[in-house]
Amino acid sequence: SLDKASEDYASSLKILGPLADYGVINVSSPNTPGLRSLQEPKALNKLINDLLKVPYCPPLLIKIAPDLNDDDLEDISNIVCENKLAGIIAVNTSNNRLGLEDRLICQTGQSLKEEAGGLSGSPIQGRALEVIKILHSKVMGQVKLIGVGGIDSPQAAWERISAGASLIQIYTGWIFDGPILAPRILNGLSKQMDLHGFKNISEAVGSNAPWL
């Protein structure tokens, strides 16, 4: 139950914390009923404070949903900075079908609006980029941002870094492009750095440098 969420997260962290370089507080999975309510300020503050008390607690990041509004993002930014977490992972999958509601899933015969679970990949790319921009303007370099969601090309990766992400993650891209996506992204980032005269990728973070 949600009122015992802190105990549940803490029980895992106690076991895994000593073995981990960092931990992620995932409060944004669309597949667990009620979980996203833990993103509300009061619940999130309690959860974070309880987890920070766990012995041998590693650096913690929080993973958030793309469906939060801009005011929610500001609240979360404040909570993360006040509690000195290591960073924010933005974003998880979306409950919004983003204009694809009537798309039929051949395996089930149901439309996308009838399917449970979150939408990932290129449809959420725009919002994911927007969220990173908003978070970057709020945290002001106090914590690291990890960009996720629809990163399926060198350009998408560059845009996320340029908007303020220090790191990126890919998941749906693996399905469509396979392992070759990683070196393709790295080569693309390297070329952009040369074009912009950057010596280190850290110079691109939050620079708003365009894709050339």
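Coordinates for the structure precede this section.
Residues numbered from 1 in each chain as written. Predicted model: local features only at pLDDT ≥ 70, side-chain atom pairs only at ≥ 80, totals over all residues. Heavy atoms only, no water.

## So, the nonpolar core
- In terms of nonpolar packing, the biggest core is built from 38 residues, with Y9, I25, V27, L51, I64, I88 and L135 touching the most fellow members.
- Mapped onto this core, the elements with two or more residues apiece are α1 (5-16), α2 (41-52), β2 (60-64), α3 (70-82), β3 (87-90) and α4 (125-139).
- Ranked by residue count, the leading element in this core is α4, at 7 residues.
- Ignoring any residue separated from it by four or fewer positions in sequence, one finds L51 in contact with S6, Y9, A10, L13, I25, C57 and L60. (Core = buried A, V, L, I, M, F, W, Y, C linked by side-chain atoms within 4.5 Å. Buried < 20%, exposed > 50% of the residue type's maximum accessible area, 1.4 Å probe, protein only. Helix = DSSP H or I, 4+ residues; strand = E, 2+ residues; numbered from the N terminus. Contact = heavy atoms within 4.5 Å.)

## As for a nonpolar patch on the surface
- A cluster of nonpolar residues, I15, L16 and L19, forms a patch on the protein surface that exposes about 370 Å² of accessible area.
- Turning to its location among the elements, L19 is positioned in the loop between α1 and β1 (23-26).
- Here L19 falls in the exposed class, since its relative accessible area comes to 73%. (Patch = residues over 30% accessible without salt bridge, like charges linked within 9 Å, V, L, I, M, F, W, Y side chains within 5 Å. Areas by Shrake-Rupley, 256 points an atom, 1.4 Å probe, with all protein chains shown as cover. Salt bridge = Lys/Arg side-chain N within 4 Å of Asp/Glu carboxyl O.)

## Description of the packing of aromatic side chains
- Within this structure, the stated rule accounts for 1 aromatic pair.
- Here the aromatic rings of W158 and F198 are separated by 6.3 Å at their centres, their planes lie at 20°, and the arrangement is stacked. Placement of the pair is W158 in helix α5 (residues 154-163) and F198 in the segment after α7 (181-196), with a sequence separation of 40 residues. This pair shows no difference in class: W158 is buried, exactly as F198 is. (Phe/Tyr/Trp six-rings, centres within 6.5 Å; stacked < 30°, edge-to-face > 60°.)

## Here we look at the packing of α5 against α7
- The geometry of α5 relative to α7 is characterised by a closest axis approach of 8 Å and an angle of 55° between their N-to-C directions. Of the possible angle classes, the one that applies to α5 and α7 is oblique. α5 and α7 meet at a crossing whose hand is right-handed. Side by side, α5 and α7 meet where P154, A157, W158 and I161 of the first sit next to R184, I185, G188, L189, Q192, M193 and H196 of the second.
- A class-by-class count of the residues in the contact of α5 with α7 yields 7 nonpolar, 3 polar and 1 charged. (Axes fitted to C-alpha atoms, helices over the stretch in contact; angles between N-to-C directions. Parallel < 35°, antiparallel > 145°, perpendicular 65-115°, else oblique. Left-handed = near helix turned anticlockwise from the far one by under 90°. Nonpolar A, V, L, I, M, F, W, Y, C, P; charged D, E, K, R; others polar.)

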